[in-house]
Amino acid sequence: MIDLIKKSVLAGLGMAVVTKEKVEEALGDLVREGKLNASDAKIMAEKIAEQGRREFDEMSEKLAAKLREFTVRAEESAEKRISALEQRVRVLEQNLTPPPSRAREP
């Protein structure tokens, strides 16, 4: 499960890098075509990168919260199962223990 989550996050990072490269490429094309000057392109790239960082941070926080929630639920479930098993073991042990023998009077 953890590996799947790690792979998903890394894939998201890879997409962010590809997206940044695509944005820079598109802005570069606009500069070359004269539709945008270089300083405006730089400002736009920085704004887009900042927005991407914010979104990534938000997603990371949400993912961390979900992982904490999942962990707490898993621990609670495990504790319940362990408690039930301990109770079953106590019952089985009581059933296996022979009753104390009474001395017979002659």
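Preceding this section is the structure that the text describes.
About the criteria used
- Residues numbered from 1 in each chain as written.
- Predicted model: local features only at pLDDT ≥ 70, side-chain atom pairs only at ≥ 80, totals over all residues.
- Heavy atoms only, no water.
- Helix = DSSP H or I, 4+ residues; strand = E, 2+ residues; numbered from the N terminus.
- Buried < 20%, exposed > 50% of the residue type's maximum accessible area, 1.4 Å probe, protein only.
- Areas by Shrake-Rupley, 256 points an atom, 1.4 Å probe, with all protein chains shown as cover.
- Salt bridge = Lys/Arg side-chain N within 4 Å of Asp/Glu carboxyl O.

**Student:** I'd like a description of the overall build of the protein, backed by residues and values.
**Tutor:** What the protein contains, in helices and strands, is 2 helices and 0 strands. Counting over 106 residues, the protein shows a buried share of 6%. Of the accessible surface of the protein, which amounts to about 9,600 Å², a share of 59% is contributed by carbon and sulfur atoms.

**Student:** Lay out the pattern of salt bridges with the relevant residues and their values.
**Tutor:** Per the counting criterion, the structure on display carries 3 salt bridges. With a shortest N-O distance of 2.4 Å, Arg 32 and Asp 29 are connected by a salt bridge. Taken together, the residues span about one helical turn, with Arg 32 and Asp 29 both in helix α1 (residues 2-32) at a distance of 3 residues. We classify Asp 29 as partly exposed; its relative accessible area is 31%. Residue Glu 33 pairs with Lys 35 through a salt bridge whose shortest N-O separation is 3.3 Å. The exposed category is assigned to Lys 35, whose relative accessible area is 62%.

**Student:** Lay out the environment of Glu 24 in plain terms, naming residues and giving numbers.
**Tutor:** Inspection of the secondary structure puts Glu 24 in helix α1. The spacing of Glu 24 and Lys 42 is 18 residues in sequence and 8.8 Å in space, taken between C-alpha atoms.

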